[in-house]
Amino acid sequence: MNNETPTNQLQIELSDDVAQGIYANLAVITHSSSEFIVDFIRVMPGLPKAGVKSRVILTPEHAKRLMRALEDNVRKYENSFGPIRLNEDSAAQPISGLAGDA
C-alpha cells in the first residue's frame, strides 16, 4: 500500500480551540457586490446587548456553495431525525432594531 498523500488532496487541521466551537443563536447576513458577511451572534434572554462571536466573510460563489451544502445537510438531517419544526411567525423574518458598530 502507498501511504503517500495525493498531491491534490487538501489536509485540514482543526486546533483544539477551534474544535470547541462557539455557540451562536442568531446570524445576521449582509452583502456587497463582492462579498457576503455572516455575523454569528449570541443573544441572551433579558440582556439588551448581544455580542458578535464570529464573523465569516465569503465571496458570492462560496456563499452559494455554503447555501447548497446547508440545504443538503438539512435534508440529510431530516431524513434521519425527522422534520425540523420552525415557528412560522419568526421563521426567516428580518430582525428590525439591530444596531451596533461594525
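Analysis parameters
Residues numbered from 1 in each chain as written. Predicted model: local features only at pLDDT ≥ 70, side-chain atom pairs only at ≥ 80, totals over all residues. Heavy atoms only, no water. Pairing = 2+ DSSP bridges. Helix = DSSP H or I, 4+ residues; strand = E, 2+ residues; numbered from the N terminus. Axes fitted to C-alpha atoms, helices over the stretch in contact; angles between N-to-C directions. Polar contact = N/O pair within 3.5 Å; in protein donor to acceptor, adjacent residues only side chain to side chain. Phe/Tyr/Trp six-rings, centres within 6.5 Å; stacked < 30°, edge-to-face > 60°. Buried < 20%, exposed > 50% of the residue type's maximum accessible area, 1.4 Å probe, protein only. Salt bridge = Lys/Arg side-chain N within 4 Å of Asp/Glu carboxyl O. Expected span 1.5 Å × (residues − 1).

Naming follows an unreviewed UniProt entry, where the protein appears as DUF3467 domain-containing protein of Bacteroides sedimenti.

Now for the sheet that holds strand 1 (residues 26-31). With antiparallel pairing, the three strands of this open sheet are ordered in space as 1-2-3. Every other strand in the sheet has two partners, leaving strand 1 and strand 3 (51-58) as the edge strands with one partner each. Recorded for the sheet is a direction-independent mean angle of 20° between the axes of neighbouring strands. Sheet topology note: the strand 2 (residues 36-42)/strand 3 ladder contains seven bridges and is antiparallel. Across the sheet, residue Phe36 finds its bridge partner in strand 3, namely Leu58.

Quick look at the side chain of Asp39 now. With respect to the helices, strands and loops of the structure, Asp39 is situated in strand 2. In this structure the side chain of Asp39 is engaged in a polar contact, spanning 2.6 Å, whose partner is the side chain of Arg55.

Moving on, we come to the packing of aromatic side chains. Here the structure, examined in full by the defined rule, presents one aromatic pair. Pairing Tyr77 with Phe81 gives two aromatic rings, centres 4.9 Å apart and planes at 45°, and the pair type is tilted. Placement of both Tyr77 and Phe81 in helix 2 (residues 60-81) is noted, with a separation of four residues, approximately one turn of the helix. What makes Tyr77 partly exposed here is its relative accessible area of 42%.

The next point concerns the pattern of salt bridges. Evaluation of the coordinates by the stated rule reveals three salt bridges. Between Asp72 and Arg75 there is a salt bridge, with the nearest N and O atoms lying 3.7 Å from each other. One end of the pair, Asp72, and the other, Arg75, are both in helix 2, three residues apart, so they sit about a helical turn from each other. On the basis of relative accessible area, Asp72 is assigned to the partly exposed category, the value being 27%. The structure contains a network of salt bridges with shared partners spanning Asp72, Arg75 and Lys76.

This paragraph deals with helix 2. The terminal C-alpha atoms of helix 2 lie 31 Å apart, and with 22 residues this matches the ideal 32 Å at 1.5 Å per residue to within 8%. Looking one or two places after helix 2, you find Gly82, whose phi comes out positive at around 95°.

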